[in-house]
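A closer look at the structure
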Amino acid sequence: MRLRIVACLQMALLLLICVPVMALANTSNNTNTTLSLSKTAALVGESVTASGTTEPNAWVPLKVMDAAQSILLFDTTKADTSGNYSINFVVPAGATGTLTVVAGEGSNVAIKSLTVTGVPPVDTEAPTWPSGTLTASNVSRTTLTLSWSGATDNLGVTGYRVYQGTTLLTAAPVTGTSYNVTGLTAGTQYTFTVQAGDAAGNWSTDGPSVTVTTTAASTGGSGPGGPAAPQPVNSTTGKASLSSDAGGTVSLGSDVTIKVPANALTGTDKVDITIQKVTSPQAAPAGFRLLGSVYEFKVNGNESYSFNKPVTLTFTFDPEELKPGETPAIYYYDETQGKWINIGGTVSGNTITVQVDHFTKFAVMVSVKQEEQPSFNDIAGHWAADNINQLVGLGAINGYPDGSFKPENTITRAEFATVLVKAFRLTSQDGKVFADTASHWAKEYIATAAAAGVVNGYDASTFGPDDLITREQMAVMIAKAAKLAPVAVELQFSDSGSISEWAKEAVATVTQHGIMKGYPDNTIKPQGNATRAEAVTVIVNTLN
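Let me sum up the structure you'll find in this document. Source: prediction; values computed, not measured.

1. A look at the packing of aromatic side chains
Scanning all chains against the criterion turns up 14 aromatic pairs. Taking 5.5 Å as the distance between ring centres and 35° as the angle between the ring planes, the aromatic pair formed by Phe434 and Phe463 counts as tilted. You can see Phe434 sitting in the loop between α3 (413-423) and α4 (443-451) and its partner Phe463 sitting in the loop between α4 and α5 (471-481), a full 29 residues away along the chain. Look at Phe463 and you get buried, because its relative accessible area is 0%. In this structure, Arg532 is placed above the aromatic ring of Phe405, and the distance from its NZ or CZ to the ring centre is 4.2 Å.

In structure tokens, the structure reads:
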């Protein structure tokens, strides 16, 4: 018995000795985050890369603080499976002195210093024309071609403006060194000037000029028995055939009107102009709402068309739909960028007018005043906090009764379809009711999304509303909802081979548009389940 008691006492003493050692060992492993900066001194606005190592797959917050310990910048990223991480940040405006860069959280942090050496000099130097020349060629009765030698600039010329007398001919700067002038009068003298601009908005005032006289009109022509001069067309049906040298006015009732001046159309043949309401338009940008409908303008059935000179669009809207302080603007849809572009407009009563040099889809929109956002108790410092607040402000998604949002929770196919319908403001309509959605809470949202061609089922009777949505399924739905033009590129993610064949085009499209991104380890995880934060972010990226 005595030997057993002695043995027990020895084991107890051994445990007492080992416990502090084990605790100390655990404490010594707490601080394992490292940090290095790509530069130790930088100008305001310069990009700096912070990189290092930490626990594999751990989230790494990054703070940049000034001398008063005020946080000037916050970002976060996720380390790869080897524990490597990298974050690019820009030295914020107003930063001075020595900044403190902190990676990690709690006691597991690494700290570096970054010296702000000042702000980049403001470019006030306009382009110059050391030996500038401007020449006219291909001169006819109504057209000619201007060509010029390039200007020089300390930082680089970004474009040119062409003037006829004091009238600006180029609504957007010309990036080349030639320009075709149309709509001139036969036998008339004109003086043209070209000026150069740079990225800082500086424009030359000493660009070269040329004076030229167009070819005189023939003496034959429109006397008795000669051909009658074409007359401008005036149509209110939303379609008409116009000749280049006469132009005309085409309107769709009182909703929208286009005025095409003489010689604005290219070529000499008559063209058919049509105006149509778009039944399933692209969604308004986040924070904006439509005033009226989206309209598509076509020339000879083509959805895009560039004019020789600006044409005038006039839209009507209901002033009663405007709230105090709201001002409407005209937007056009850029198919290449996949987003709406603000081009302003002049408001007069219940109309707004703008000049454009191309056709596409146009609409009148107004910026929506955001209501006060709920404060969630679990998104402070989260990488998707701004996106979450933005989509919640649009009424497209909500948090939970306990005041949380649960950004890292997964999201189901039904939930994601519902958020899409709300975010893109899809008109409620009857659609496909699957056997497993007939009594589901999201039945109407899924039916609306299916009718709009945004979602499909696994088969004719199964949608799987409560299945967790995968990232490749999310890519397909968002590409359809945003009506993105397909992009055919070879994906370079390390796990591209695991993308389902039916999803490859959609994944390529949304990643090329910057809507979805891969992970730091160069994976896209197509079969992985999307989180609520990721779902919110891809929708906000699309709306913006």
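2. Re the pattern of salt bridges
Once their charged atoms are close, side chains differing in charge can pair, the charge on each being opposite to the other. As enumerated under the stated definition, the model contains eight salt bridges in all. A salt bridge links Lys361 to Glu296; the shortest N-O distance between them is 3.4 Å. Of the two residues, Lys361 sits in strand β28 (residues 361-367) while Glu296 sits in strand β22 (residues 295-299), which places them 65 residues apart along the sequence. Judged by relative accessible area, which is 9%, Lys361 ranks as buried. For Glu296, a relative accessible area of 10% puts it in the buried group. Residues joined in a network through salt bridges with shared partners are Glu296, Glu335 and Lys361.

3. Some points on α3
In terms of residue burial, α3 counts as a mostly covered element, since nine of its 11 residues are buried. All of the buried residues in α3 are Arg413, Ala414, Phe416, Ala417, Thr418, Val419, Leu420, Val421 and Ala423. On its buried face, α3 is in contact with α2 (385-393), α4, α5 and α7 (532-543). Among the residues trailing α3, Arg425 stands out with phi positive, at a value near 50°.

4. Some details on the sheet that holds strand β7 (residues 98-105)
Pairing within the open sheet is mixed, and its five strands lie in the order β2-β8-β7-β4-β5. Since the sheet does not close on itself, it has two edges, and those belong to β2 (41-42) and β5 (71-78), each with one partner. As paired elements, strand β4 (residues 59-65) and β7 share four bridges and run antiparallel to each other. Considered in β7, the bridge of Met65 is made with Thr100.

Rules used in this analysis
Per chain, residues are indexed from 1 in the order of the written sequence. The predicted nature of this model means local features are confined to residues of pLDDT at least 70 and side-chain atom pairs, given and counted, to a pLDDT of 80 or more, with totals for whole chains, interfaces and linings taken over all residues. Note: side-chain values were computed over all heavy atoms of the structure, leaving out hydrogens and water. Pairing of aromatic rings covers Phe, Tyr and Trp, the last through its six-membered ring, and needs centres within 6.5 Å; plane angles under 30 degrees mean stacked, over 60 mean edge-to-face, and all others mean tilted. Here a strand is any run of E in DSSP of at least two residues, a helix any run of H or I of at least four, and the numbering for each starts at the N terminus. Each residue gets one of three labels from its accessible area relative to the maximum for its type: buried under 20%, exposed over 50%, partly exposed in between, using a 1.4 Å probe on protein chains only. Charge-over-ring placement is defined geometrically: NZ (Lys) or CZ (Arg) within 6 Å of the ring centre, and within 35 degrees of the ring normal. Put simply, a salt bridge is a Lys or Arg side-chain nitrogen that is within 4 Å of an Asp or Glu carboxyl oxygen. Working rule for contacts: check all heavy atoms of both residues, and any pair within 4.5 Å makes them a contact. A strand pair is defined by DSSP finding two or more bridges across the two strands.

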